[in-house]
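# Observations on the model geometry
Single-letter residue listing:
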Amino acid sequence: MCGIAGLIAADGRAQMDTAKVQAMLDPMRHRGPDGDGLWSTNGAAFGHLRLSIIDLAGGRQPMQSADGWLTITFNGEIYNFIDLRRELVGKGHVFQTHSDTEVILAAWREWGERAVDRLNGMFAFAIHDARDRSVTLVRDRLGVKPLYHARLPDGTVAFASELKGLLTLPELRRVPDMLALEDYMAFGYVPDHRCIVQGVEKLAAGHMLRIAPGQMGTQTQYWDIDFSRRHAGSAEDMIDGLRDHLARAVQSRMIADVSLGAFLSGGVDSSSVVALMAEISDAPVKSCSIGFDQANLDETAYAERIARQFGCDHRTRRVGSADFALIDTLVHHFDEPFADASALPTYRVSELARETVTVALSGDGMDEALAGYRRHVFFHGEEQARARIPAFWRDKVLGPIGQIYPKADWAPQPLRAKTTLLALAQSGPEAYAQAVGATPHALRHTLYGSVMVSEAQGYRAEQIYYDTMANAPARSGLDAAQYADMKLWLPGDILTKVDRTSMAVSLEAREPLLDHALLEYCAALPEDMRVRGGQGKWAMKKAMEPDLPHDILYRPKMGFVTPIAQWMRGPLADEVRALSRSEQLIDSGWFNAEAISKMADAHIGGRSDHSRTLWQLLMLDKSTARLFG
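This write-up is about the structure you can find in this document. (Residues numbered from 1 in each chain as written. Predicted model: local features only at pLDDT ≥ 70, side-chain atom pairs only at ≥ 80, totals over all residues. Heavy atoms only, no water.)

## Quick notes on the overall build of the protein
This is how it is decided: Under the scheme used here, helices are H or I runs from DSSP no shorter than 4 residues and strands are E runs no shorter than 2 residues, and both carry numbers assigned from the N terminus. Just to be clear, the radius of gyration here is over C-alpha atoms, and the globule rule we use is 2.2 Å times residues to the power 0.38. For each residue, the accessible area found with a 1.4 Å probe, counting protein chains only, is set against the maximum for its type, and the residue is called buried under 20%, exposed over 50%, and partly exposed in between. The contact rule is simple, with two residues in contact once any of their heavy atoms fall within 4.5 Å. Only four residue types enter the tally: Lys and Arg on the positive side, Asp and Glu on the negative side, with His and both chain ends excluded. Each charge is placed at NZ for Lys, CZ for Arg, CG for Asp and CD for Glu.
Helix and strand content of the protein: 28 helices and 17 strands. A globule of 629 residues ought to have a C-alpha radius of gyration of about 25 Å, and the protein, at 24 Å, matches this closely. With respect to the principal axes defined by its C-alpha atoms, the protein has extents near 70 × 60 × 50 Å. Burial statistics for the protein: of 629 residues in total, 60% are counted as buried. Considering only contacts within the protein whose residues lie at least 6 apart along the sequence, 73% involve residues at least 24 apart. Treating the 68 positive side-chain charges of the protein as one cloud and the 80 negative ones as another, the clouds have centres 2 Å apart.

## Describing the nonpolar core
Our working rule: Remark: nonpolar core denotes a set of buried residues (Ala, Val, Leu, Ile, Met, Phe, Trp, Tyr, Cys) joined through side-chain atoms within 4.5 Å.
In terms of nonpolar packing, the biggest core is built from 187 residues, with Phe125, Leu166, Leu242, Tyr465, Phe591 and Trp615 touching the most fellow members. A total of 13 residues in this core trace back to one element, the largest contributor, which is helix α19 (residues 477–504). Listed in part, the 15 residues of the second largest apolar core include Trp39, Leu147, Val157 and Leu203.

## Details of the layout of surface pockets
Quick note on the threshold: Buried and open spaces are told apart on a 1 Å grid over the protein atoms alone, a cavity being a set of points where a 1.4 Å probe fits but cannot get out and a pocket being an open set with protein on both sides within 12 Å along at least five of seven lines. Residues with an atom within 4 Å of a point are the lining residues. Grid points are joined across faces, edges and corners, and a volume is the space filled by probe spheres set on the points. Residue polarity follows a fixed list, in which Ala, Val, Leu, Ile, Met, Phe, Trp, Tyr, Cys and Pro are nonpolar, Asp, Glu, Lys and Arg are charged, and the others, Gly among them, are polar.
Size it by volume and the second largest pocket reaches roughly 390 Å³. In terms of lining residues, the second largest pocket is bounded by 25 residues, among which Ala204, Ala205, His207, Lys487 and Leu488 are the most central. Of all the elements in the fold, those that place two or more residues in the lining of the second largest pocket are β10 (200–202), β12 (218–221), α18 (463–470) and α19. Looking at the lining of the second largest pocket, the element that brings in the most residues is α19, giving five residues. Considered class by class, the residues forming the lining of the second largest pocket number 12 nonpolar, seven polar and six charged.

## Quick look at the pairing of strand β6 (residues 121–129)
Here is the rule: For two strands to be treated as a pair, DSSP must find no fewer than two bridges joining them.
Of all nine residues in β6, nine are buried, a share of seventy percent or more. As paired strands, strand β5 (residues 70–78) and β6 are joined by nine bridges and run antiparallel to one another. Looking at the pairing, Ile72 lines up with Ile127 of β6. Sheet analysis places β6 next to strand β7 (residues 134–139), joined by six bridges and oriented antiparallel. The partner of Ile127 across the bridge, within β7, is Thr136. Hairpin geometry of β6 and β7 is characterised by an intervening segment of four residues between the two adjacent antiparallel strands and by a positive phi of about 60° at Arg133.

## Comments concerning the sheet that holds strand β15 (residues 313–319)
This is how the line gets drawn: Orientation is described by axes fitted as lines to C-alpha atoms, over the contacting stretch for helices, and by angles from 0 to 180 degrees between their N-to-C directions.
In spatial order, the strands read β15-β14-β13-β16-β17; together these five strands make up an open sheet with parallel pairing. Bordering the open sheet on either side are β15 and β17 (508–510), each of which pairs with just one other strand. Here the average twist between neighbouring strands, direction ignored, is 30°. Examined bridge by bridge, strand β14 (residues 286–292) and β15 share seven bridges and lie parallel to one another. Pairing of Ser289 across the sheet is with Thr316, part of β15. Strand contacts of helix α10 (residues 343–354): β13 (260–263), β14, β15 and β16 (359–361), with the helix running at about 145° to β14, the strand carrying the most contacts.

## Comments concerning the packing of aromatic side chains
Here is the rule: Pairs were defined over the aromatic rings of Phe, Tyr and Trp, the Trp ring being its six-membered one, requiring ring centres within 6.5 Å. Orientation was assigned from the angle between planes: stacked under 30 degrees, edge-to-face over 60, tilted for the rest.
Within the structure shown, the criterion is met by 14 aromatic pairs. Relative to Phe125, the ring of Phe74 has its centre 6.3 Å away and its plane inclined at 75°; by these criteria the two rings are edge-to-face. Residue Phe74 is located in strand β5, and its partner Phe125 is located in strand β6; the two are separated by 51 residues in the primary sequence. Judged by relative accessible area, Phe125 falls into the buried class, the value being 0%. Measuring from centroid to centroid gives 6.1 Å for Trp567 and Trp615, while their planes differ by 50°, and the two rings are tilted.

## Notes on the side chain of Asp140
Counted only if it meets this: Salt bridges, as used here, are contacts in which a Lys or Arg side-chain nitrogen is within 4 Å of a carboxyl oxygen on Asp or Glu. Any N or O atom pair separated by 3.5 Å or less is treated as a polar contact, with the protein-specific requirement of one donor-capable and one acceptor-capable atom, and with residues adjacent in sequence counted only for side-chain atom pairs.
For Asp140, the position within the fold is in the loop between β7 and β8 (148–151). Despite its burial, Asp140 remains without a salt bridge, the nearest opposite charge being carried by Arg139 at 5.6 Å. For Asp140, the side chain forms a polar contact with the main-chain nitrogen of Val144, separated by 2.8 Å. In this structure, Asp140 is in contact with Gly121, Met122, Phe123, Lys145, Ala205, Gly206 and Tyr222, ignoring residues within four places of it in sequence.

## Quick notes on the packing of α18 against α19
Two packed helices can be described by the angle between their axes and the distance between those axes. The line we're drawing: The scheme is simple: roughly parallel for angles under 35 degrees, roughly antiparallel for over 145, roughly perpendicular for 65 to 115, oblique for anything else. Crossings are sorted by hand: turned counterclockwise from the far helix by less than a right angle, the near helix makes the crossing left-handed, and turned clockwise it makes it right-handed.
Running from N to C, α18 and α19 point in directions that differ by 125°, and their axes come no closer than 8 Å. Between α18 and α19, the angle is such that the two are oblique. Every pair of crossing elements has a handedness; the one defined by α18 and α19 is right-handed. In contact with Ile464, Tyr465, Thr468 and Met469 of α18, α19 contributes Gly477, Ala480, Ala481, Tyr483, Ala484, Asp485, Lys487, Leu488 and Trp489. Looking at the contact of α18 with α19 residue by residue, the classes come out as nine nonpolar, two polar and two charged.

## A word on empty space enclosed by the protein
Applying the stated criterion to the full structure yields eight cavities of 30 Å³ or more. Tyr148, Lys202, Glu336, Thr496 and Arg500 are, among the 21 residues lining the largest cavity, the residues nearest its centre. Residues that form the lining of the largest cavity fall into these classes: 11 nonpolar, three polar and seven charged.

## Considerations on the environment of His550
Among the structural elements, His550 can be located in helix α23 (residues 550–554). In this structure His550 comes out as exposed when scored by relative accessible area, which is 57%. Taking the C-alpha atoms as reference, His550 lies 38 Å from Leu614; in sequence the two are 64 residues apart.

## Looking at the sheet that holds β8
The six strands lie next to each other as β2-β3-β1-β9-β8-β10, forming an open sheet whose pairing is antiparallel. Each end of this open sheet is capped by a strand with a single partner; those strands are β2 (36–41) and β10. For this sheet, the mean inter-axis angle between neighbouring strands, taken without regard to orientation, is 15°. Where strand β1 (residues 2–8) and strand β3 (residues 44–50) come together, seven bridges link them in antiparallel fashion.

## What to know about the pairing of β7
Taken across its six residues, β7 has six buried, putting it largely inside the fold. Alignment of β7 against strand β11 (residues 207–211), held across four bridges, turns out to be antiparallel. Among the inter-strand pairings, Val138 is bridged to a residue of β11, identified as Met208.

## Remarks on helix α20 (residues 516–523)
Of all eight residues making up α20, six are buried, and the element is well covered by its neighbours. Those residues of α20 lying buried are His516, Leu518, Leu519, Tyr521, Cys522 and Ala523. Next to the buried residues of α20 lie α6 (235–252), α11 (366–369), α19 and α21 (527–530). Its side-chain oxygen placed 3.1 Å from the backbone nitrogen of Ala517, Asp515 serves as the N-cap of α20.

## Describing α10
To keep it simple, the criterion reads: What a helix should span is 1.5 Å times the count of its residues minus one.
Spanning 12 residues, α10 covers 16 Å between terminal C-alpha atoms, matching the ideal 16 Å at 1.5 Å per step. Counting buried positions over the 12 residues of α10 gives 10, a clear majority of the element. Of the residues making up α10, those classed as buried are Ala343, Leu344, Pro345, Thr346, Tyr347, Arg348, Val349, Ser350, Leu352 and Ala353.

Right, here's the structure in full:
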């Protein structure tokens, strides 16, 4: 795992300043503490930070091909590099190292851009071709590894693994993007189609960007997930096929020349990964868990039970319910505002893992692939109801009833009739965008100030979900919702969280459940293999029944929960009140002071729970103060 950065001249000939590239690397040192390197030629300069995982003695970067035509700076891991190397040797390629980086160079030399189709892994890289002085930026299929880029005023293109790398460039103007701010308030993160800094872009997952002299750059999509197909055969055969894919995905991610372990929460996904690792490994799996001093938030008993079952070398650390000291650390590492509060315990478990291992396998990915979130199950039921209820009744009857029905946030989700009635009155994409959102459209617009209203010009963040679901390769509403999550939520929230928190402590996190062949298999499973009996991930649970206890597989999903509502009524109350006086939020004209003050008072006084929105505002205030203050 590494950090990369570089500069690409507009004309393909100008000499790039390697001192600037070094300055871009310096604030990302946590991504690669084991070494660094610089390379330059007329028209381009690359930089690299290395966290040594494969071929510790070799594999230094930037790396050139034997003939000198190709040069690469690469962040990530290629899990099938041994098989690719064997195939390339058969085609006459000679290797000087045992690294996966050299395999990418040889594959590109052999197959050109189509080499990316053969790579199984997580990656972001830049590759320079001396024959035409072009540079191609590539990001992995799911967006596990980040890649920011920007075109500077003189036409130079700069790229880096993190936004902080680009922000070292004096030519890059630090101007906030109001549309990104609206996206953030809607979802709690800045999706990959935007950046909080105007003029900066994130290369989309599954895309490559080719930059040639005198051209603006050509971006192409090389991979997409397809939910429109369906497997044939019996349920038993499909479950067996899923189990095989899971085992292969885990095994491929256990190759490393350094110590390796796993995150273990005691949930279905991490328990499945550990079970499969234990089946493959000759030594006890090194696992770790984070617990909380509040019993209703603590899952360590489940994790310890799985660890005992599989003979793991297990470590647990409990975090206090007042553990909010990390806020400023997270702001520094995320750069852009990020309001998923589970980033705090994710940082802590990464910190714990790094004490004994350099690589840790996580259980991320199956919720998106097999409809594992509660919102998927509810949405699936709503879609079935929409299909049966005439549009007139949904629009003219259920909608008006939902508007006047009393709100009951205290009730279990199935009993919240107001939410259900309003959802049924909407289209599927409208209802799902609201379900996956953080602060609803109507509420956040009561908070906006004059500058935000003027510059946003009526833009509505949810439109990206409407468009993505409408254009999804899908057969059903559930298919479309899962597809949208994979394109938006997964790279924007989940993978950003894991990348930044693990890299902050120089830990490589690997996601075997995001193996693209596994995901393609899951996407073609019938809906009732994903959602059945009021639960998601049905096929995975059946596939793992021989390995895991029934109550581990079928207990309610918990996840990393942090007590932010209590924090904001207690130790963070003063900071919450101060939001209505924030120079960044209020003096800028982005938000309305009176509206924020009323919201803060209502929450602190216990009359309402506005913790999610207030947490968003708090993280936004701190992030933008660092970026634009």
